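Coordinate inspection notes
Spelled out, the chains give:
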Amino acid sequence: MWRHTSRVQNYKKICFGGSSLSLRLARVSRNSCKFASLKLMNKRLIFATAAEVLRVPDDSVAFVVADGNYSSITLADGNSFVVTLQLGQIERRIAEMLDHDDNRFIRIGKSLIVNRDFIAYINPSRQKMVLSDCRTFRHELSASKEALKALKELLEKEVSQCR
């Protein structure tokens, strides 16, 4: 970001001087703007259908719930978007758009994908899970006992590996 601002300032200085260098700097500035927008797109999840396009920052997606041929994408701020995509299609698109080592999104059972960064509480016996950033939002979800038990074991295993 800082480099881009500096290039624009240099471009303005040279452009007013009428130098032939201004054209080259203009190209550099345009190319860095294109590069910046490409980098920005890599940080967004894009879900496109024939009728709609949804672009959201990947770190703002809290969970996705399936309902037949539709899926509801809920963001951390509470906004929710219904798209005409099945959960399996959304799962594949997330995997395609994020890095291979980014395993932030976990499918739980047949109808739920959650962002593991927001998992705050899991109780398999009550079939309850809470997603929260511990500051601004809190979402309570339910899933099968088996799915929540497997998720709990996975998270416990990761914690024990970190020690």
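As shown above, the structure is provided for reference.
Quick summary incoming for the structure in this document. Computed from a predicted structure; not experimentally measured.

1. Let's talk about the overall build of the protein chain
- For the protein chain, the count of helices and strands is four helices and ten strands.
- What you see in the protein chain, going N to C, is helices and strands ordered as α-α-β-β-β-β-β-α-β-β-β-β-β-α.
- Relative to its 163 residues, the protein chain shows a buried fraction of 33%.
- For the protein chain, the share of sequence-separated contacts (at least 6 apart) that also reach a separation of at least 24 residues comes to 37%.
- Per element, the accessible surface of the protein chain, about 11,000 Å² overall, is 52% carbon and sulfur.

2. A word on the pairing of strand β5 (residues 80–83)
- Sheet analysis places strand β4 (residues 70–75) next to β5, joined by four bridges and oriented antiparallel. Bridge assignment links I73 to a residue of β5, and that residue is F81.
- Connecting β4 to the next strand, β5, in antiparallel fashion are four residues, including G78 with a positive phi near 100°.

3. Overview of the sheet that holds β5
- Ordered in space as β5-β4-β3-β7-β6, the five strands form an open sheet in which the pairing is antiparallel. The strands lining the two open edges of the sheet, one partner per strand, are β5 and β6 (105–108). Between one strand axis and the next, the sheet turns by 15° as a mean value, whatever way the strands run.
- In the sheet, strand β3 (residues 61–67) pairs with β4 via six bridges, with the strands oriented antiparallel. Residue D67 lies in a different strand from β4, and its bridge partner there is Y70.

Procedures and definitions
Counting restarts for each chain: residues are numbered from 1 in the order of the written sequence. It should be noted that, the model being predicted, local features are given only for residues of pLDDT at least 70 and side-chain atom pairs only at 80 or more, the latter also being counted only at that level, while totals for whole chains, interfaces and linings use all residues. To get the side-chain values, take all heavy atoms of the structure and skip hydrogens and water. A run of H or I in DSSP counts as a helix once it spans at least four residues, and a run of E counts as a strand once it spans at least two, with each numbered from the N terminus. When accessible area is computed with a 1.4 Å probe and restricted to protein chains, residues below 20% of their type maximum are described as buried, those above 50% as exposed, and intermediate ones as partly exposed. Contacts: residue pairs with any heavy atoms within 4.5 Å of one another. Methods summary: accessible areas were calculated by the Shrake-Rupley approach with a probe of 1.4 Å, and residue burial reflects only the protein chains presented. We treat two strands as partners when DSSP finds at least two bridges between them. Under this scheme, a helix contributes an axis fitted over its contacting stretch, all axes are lines through C-alpha atoms, and angles between N-to-C directions fall in the 0 to 180 degree range.

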